[in-house]
Structures are given as structure tokens and as C-alpha cells.
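Chain by chain, the residues:
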Amino acid sequence: MSRLPTTFDADQRYPVDLHMHSTASDGALSPTELVALCAARGLTHMSLTDHDTMDGIDEAAHAAQQAGLCLIPGCELSTRWQGVNILSLIHISEPTRPY
């Protein structure tokens, strides 16, 4: 499994996408199809961040392992505070399972 770099060069582009949705919430592709698309486009790291669910993570993790991608498990949490909708992206950098 590849690891995230410890430093980033601001002038370099990185093959990473840390915000995407699958059919586990409102995405058009299944977690497996999404991983395949990321691999085909040359990504090395990705994060599945479906709305208010982590139901697609296990499927994505299996597909990412097969494709040689680093999956960073995540979730887009929705909440409402004083009438304001708040969306927060949560990324799990040290999961308890080896994604």
C-alpha cells in the first residue's frame, strides 16, 4: 500500500482526489467503478467521501487494493446549526482496518 507524502511541493500536481461520491450516496458510479475510473485516470490516492455514510468503504477498499491505489476512508457529514446547513469532510488517516 502506498503512503501519503510527508511534504508537498506547491508547484507540483498530485494524482490525488480527496472528495468523491459513489452510489452509496448520490454518486453515479459504484465504489468499484469509481476506483477503476481513478486508476484509469492515473490517480495514486483517493478518498471516498459519500454523504453521511461509509457503506461503500469496504467495497472501495477491496477494489483499491486490487488496483494498487491508496484509499483514504472518509465521509461527508451533514448537519444543521441555527438554520444553517454545514457539510464537513472527514478523512480517516489511520484506519483500524488496513485499507
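Throughout what follows, the structure given in this document is the object of discussion. Within every chain, residues take consecutive numbers counted from 1 along the sequence as written. The model is predicted, so local features are restricted to residues of pLDDT at least 70 and side-chain atom pairs to those at 80 or more, both for listing and for counting; the totals for chains, interfaces and linings are taken over all residues. Working from all heavy atoms in the structure, the side-chain values ignore hydrogens and water.

1. Digging into the side chain of Thr-49
Working definition: helices are DSSP H or I runs of at least four residues, strands are E runs of at least two. Numbering for both runs from the N terminus. Mapped onto the fold, Thr-49 is located in the loop between strand E2 (45–48) and helix H2 (57–67). Dropping the residues within four chain positions of it, Thr-49 is found in contact with Leu-18, His-19, Met-20, His-21, Gly-74, Cys-75, Glu-76, Leu-89 and His-91. Contacts are assigned to residue pairs with any non-hydrogen atoms lying within 4.5 Å of each other.

2. Some points on the pairing of E2
The side-chain alternation of E2 yields two buried faces, one formed by His-45 and Ser-47 and the other by Met-46 and Leu-48. Handedness of the crossover is the feature at issue here: the chain leaves strand E1 (residues 16–20), passes through helix H1 (residues 31–40), returns alongside E2, and the resulting connection is right-handed. The pairing criterion for strands is at least two bridges between them, as found by DSSP. Looking at chain direction, E2 and strand E3 (residues 70–71) are connected through 2 bridges and run parallel. In the sheet register, Met-46 faces E3, and the bridge partner there is Leu-71. When the strands point away from the viewer, a crossover counts as right-handed if the route from the first strand across the helix to the second turns clockwise. As a crossover connection, the stretch from E2 through H2 into E3 is right-handed. Whether a residue is buried, partly exposed or exposed follows from its accessible area with a 1.4 Å probe, protein chains only, as a fraction of its type maximum: under 20%, in between, or over 50%, in that order.

3. Remarks on the sheet that holds E3
Spatial ordering of the open sheet is given by E1-E2-E3, a layout of 3 strands whose pairing is parallel. Each edge of the open sheet is held by one strand with a lone partner, namely E1 and E3.

4. Quick look at the pairing of strand E5 (residues 84–91)
In this structure, strand E4 (residues 74–81) lies alongside E5, joined through 8 bridges in antiparallel fashion. Bridging across to E5, Glu-76 finds its partner in Leu-89. Between the end of E4 and the start of E5, which pair antiparallel, lie 2 residues, with Gln-82 showing a positive phi angle near 50 degrees.

5. Quick look at the environment of Asn-85
Turning to its location among the elements, Asn-85 is positioned in strand E5. What Asn-85 contacts, discounting residues up to four positions off in sequence, is Thr-79 and Arg-80. Of note is the side chain of Asn-85, whose polar atom sits 2.6 Å from the side chain of Arg-80. Nitrogen and oxygen atoms within 3.5 Å of one another constitute a polar contact, given that in protein one can donate a hydrogen and the other can accept it, and given that sequence-neighbouring residues count only through two side-chain atoms.

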